[in-house]
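Next come the chains, spelled out residue by residue.
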Amino acid sequence: MPITAGIAFADRDYVRKAIETKAFVVGKYTKSRVTGAAVLPLAMPIVEDSAVAAVVVSGIRLDWLQNRIVERGLSPGSAVTLADEDGTVVARVPLPERFVGTVIPDEFQRLVHADKPGIIELTSQDGTERVLGYRPIAQPRSPLYVSAGVSTSEAFAPINRATIVNSLGIVLGAVVSLLLALFIGNRFILSPIVRIGDVMDDWR
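No experiment lies behind these values; they were computed from the predicted model shown.

Let us look at the nonpolar core. Soluble, globular proteins show a tendency: their nonpolar side chains are buried together. Grouped together as the largest cluster of nonpolar side chains are 16 residues, with contacts concentrated most on L40, L62, L65, I69, L82 and V90. Of all the elements in the fold, those that place two or more residues in this core are β3 (38-48), α2 (62-72), β5 (79-83), β6 (89-93) and β9 (145-151). The next biggest cluster of nonpolar side chains, apart from the first, holds 13 residues, and it includes F99, F108, L111 and Y145.

Rendered as structure tokens:
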């Protein structure tokens, strides 16, 4: 969509960061000044003679990102959450209308900024008990937090409740949730960002 004359982006945090770092930047949850839609902004600086001469700005519409996750399909009781570096949710399945644009509670912020991916069993914000695999933010390689949770009741209901079998089921659910978080992070987030970054680099 063409940008109307007079619309400026110099005050946006992601533009300022691109100018400061002279590097490609993935911003935070933002309402587009062009379309009014919620977006994940991207900024690519144009560096000439060691100085930033201009910044190319683009973005990923969050409704598009949301649809990409929905198309992936999830088992009953499962959930996927994507959030920016402030912990603001940019995509969520299920219940996006309830969670997108809200901030992840303080008790879960430690997962967003953890040192490495991990697995944890918890009660999600929607009240469902899940085994959660999470991938924390690690700029610039992984600019978004990704979590994928498997409902313990849905996943383990068919399993024989014998101790050993049940334990194996929990381990399997944990591994699946972690792999799902890593898969979604790579395929549905990093790949589109890299492709858009390449296009912005060509514009530059």
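With that settled, the discussion passes to the sheet that holds β6. Pairing is antiparallel across the open sheet formed by 5 strands, whose spatial order is β6-β5-β9-β8-β7. Among the strands making up the open sheet, the edge pair consists of β6 and β7 (118-123). On average, each strand axis in the sheet is inclined to that of its neighbour by 20°, with strand direction left out of account. As paired strands, β5 and β9 are joined by 5 bridges and run antiparallel to one another.

Further remarks concern the side chain of D84. The topology assignment puts D84 in the loop between β5 and β6. Polar contacts involving the side chain of D84 include one to the main-chain amide nitrogen of D86, which spans 2.9 Å. Apart from residues no more than four positions distant in its own chain, D84 is found in contact with K28, Y29, V90, V112, I137 and L144.

So, how was this worked out
- Residues numbered from 1 in each chain as written.
- Predicted model: local features only at pLDDT ≥ 70, side-chain atom pairs only at ≥ 80, totals over all residues.
- Heavy atoms only, no water.
- Core = buried A, V, L, I, M, F, W, Y, C linked by side-chain atoms within 4.5 Å.
- Buried < 20%, exposed > 50% of the residue type's maximum accessible area, 1.4 Å probe, protein only.
- Helix = DSSP H or I, 4+ residues; strand = E, 2+ residues; numbered from the N terminus.
- Pairing = 2+ DSSP bridges.
- Axes fitted to C-alpha atoms, helices over the stretch in contact; angles between N-to-C directions.
- Polar contact = N/O pair within 3.5 Å; in protein donor to acceptor, adjacent residues only side chain to side chain.
- Contact = heavy atoms within 4.5 Å.

Shape descriptors only; they carry no functional weight alone.
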